[in-house]
Amino acid sequence: MTEYVNVQASETLDQGELVAFLKSRFPEKTKLVERTVVKGTECVEVRVPSGSPEFEEIREFIDARRKQGLHGFTKFTIGWHLRKYTKAELQHAEVLRLTISSHFEPCGEECGTVYETLCKECNWCRQMSDLILDLRRVPQRKDISETIAWIEWIVSSKFVRAFAENSLTGAEFRPIFEFKNPIKQSSEWHQLIVSGKAGALAEKTKLGRDPFSPTGVSWRCSLGHAMVTNFLSEIYVHRDAWDGSDIATTSDLFGPGRNLLRPSPLILISQRMYRVIQEAGLAGFSYEVAHLT
Ligand SMILES: [Zn+2]
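Residues numbered from 1 in each chain as written. Predicted model: local features only at pLDDT ≥ 70, side-chain atom pairs only at ≥ 80, totals over all residues.

A. Main features of the overall build of the protein chain. Looking only at helices and strands, the protein chain has 6 helices and 23 strands in total. Relative to the compact-globule value of 19 Å for 293 residues, the protein chain shows a C-alpha radius of gyration of 20 Å, a close match. Oriented by its inertia axes, the alpha-carbon framework of the protein chain measures out at about 55 × 40 × 40 Å. Counting over 293 residues, the protein chain shows a buried share of 33%. (Helix = DSSP H or I, 4+ residues; strand = E, 2+ residues; numbered from the N terminus. Rg over C-alpha atoms; globule rule 2.2 N^0.38 Å. Buried ≥ 20, exposed ≤ 12 C-beta atoms within 10 Å, placed from the backbone.)

B. Fine view of unusual backbone geometry. Cis geometry marks the peptide bond from glutamate 105 to proline 106; its omega dihedral reads 0°. Tracing the backbone through its elements, the reader meets proline 106 in the loop between β6 (103-104) and β7 (115-117). Backbone geometry places aspartate 14, a non-glycine residue, at a positive phi of 70°. Here aspartate 14 shows up in the loop between β1 (2-10) and α1 (16-25). Residue tryptophan 150 is not a glycine yet carries a positive backbone phi of 75°. By the secondary structure assignment, tryptophan 150 is in the loop between β10 (144-147) and β11 (153-156). A residue is classified by how many C-beta atoms lie within 10 Å of it, and tryptophan 150, with 20 of them, is buried.

C. Focus on α1. When we look at burial in α1, the residues that qualify are Leu18, Val19 and Leu22. Looking down the long axis of α1, one finds its buried residues gathered within 105° of arc, a one-sided arrangement. Where α1 is buried, its residues contact β1, β3 (43-49) and α2 (53-67). (Arc of directions from axis to C-beta. Contact = placed C-beta atoms within 7 Å.)

D. Broad picture of α2. Here α2 spans 21 Å end to end across 15 residues, near enough to the 21 Å set by a 1.5 Å rise per residue. Turning to α2, the residues buried within the fold contact β1, α1, β3 and α3 (71-74). The positive-phi residue at the C-terminal boundary of α2 is glycine 69, with phi of around 80°. (Expected span 1.5 Å × (residues − 1).)

E. Structural detail: the domain arrangement of the protein chain. By domain assignment, the protein chain separates into domain 1 (2-84) and domain 2 (88-293). Opposite the 11 residues of domain 1 that make contact, domain 2 presents 11 residues. Elements that contribute at least two residues to the side of domain 1 that touches domain 2 include exactly α2 and β4 (80-84). The dominant element in the side of domain 1 that touches domain 2, judged by the number of residues it contributes, is α2, at 4 residues. Residues that form the side of domain 1 that touches domain 2 fall into these classes: 4 nonpolar, 3 polar and 4 charged. (Domains from an automatic or database assignment. Nonpolar A, V, L, I, M, F, W, Y, C, P; charged D, E, K, R; others polar.)

F. Inspection of the pairing of β1 at higher detail. The pairing of β1 with β4 spans 5 bridges and is classified as antiparallel. The residue of β4 that forms the bridge with valine 5 is histidine 81. Both β1 and β3 contribute to a ladder of 7 bridges, which runs antiparallel. Within β3, the residue paired with valine 5 across the bridge is valine 48. (Pairing = 2+ DSSP bridges.)

G. Looking closely at the nonpolar core. Membership of the largest hydrophobic core comes to 37 residues, with the highest contact counts inside it found for Leu96, Leu268 and Ile269. Core analysis: the next-biggest nonpolar cluster, separate from the first, contains 16 residues, Leu22, Phe55, Ile62 and Phe212 among them. (Core = buried A, V, L, I, M, F, W, Y, C linked by C-beta atoms within 7 Å.)

H. Spotlight on the sheet that holds β11. On the basis of which strands lie adjacent, the open sheet formed by 6 strands has the order β6-β10-β11-β13-β12-β9 and mixed pairing. The open sheet has two edge strands, β6 and β9 (131-133), and neither has a second partner. Across the sheet, helix α5 (residues 157-165) lies against β10, β11, β12 (171-178) and β13 (181-194), angled at about 80° from β11, the strand it touches most. (Axes fitted to C-alpha atoms, helices over the stretch in contact; angles between N-to-C directions.)

I. Representation of the pairing of β3. In the sheet, strand β2 (residues 31-32) pairs with β3 via 2 bridges, with the strands oriented antiparallel. In the strand pairing of β3, lysine 31 is matched with glutamate 45.

Below is the structure:
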């Protein structure tokens, strides 16, 4: 595994000093990010190997400004880890963290799906109706995708078939109804409901605000449901807590839930499921190695 840190700095977020530093110090590595919110402001991104002298230099720069209490540095998360694996590493992992790489909108709630919000602080919720979506918006070439609500996972019939034919465990598939015609059930798309349980994250998982402030998470719901954090290490869960399913979610929830956004668990899969996805040629997944401890 090779671990990198992606550093993103934006003038809009009051990080002009960091933008200038990265551009002058790493002219070749610094890329302009296209999607700036405010016209005429710059947002740049640099990728450096984690723990390298370059990383250390950026860390010192940010740390000094955080100590001064500068708004653009204390208020926002700066950067995240990126872990790259060889095929062999992925094929030898007992379990893997699965990330859904395609997102779309509008989300179910905007199309008439009913939710009950269970926590006002973190927006944790329960789905009370079948999922209704504008199915023209689903990425057509992906076998898995999610809406911007983060908790609505959509899979193709091909995914459902591969799952059933290989007797994988830990998921059920529910119907999705068409926004334009809510009595019409989609024959192609299904909602993935993960019933498998992976338990809570083990202490070995390093959480932190970002790679430059490795202690403390950014935010935690005072009732303990959800938190906002970066994952500074690979994910570890307790072997005893995993129920043995091929696909399972953590009991910990993550993300700054508000309005349409809901906190969501991490998805973990077995090596067996990883192989099925590869052999069936299913698209839309990315992986990190995870660990049972
Ligand atoms: Zn909560």
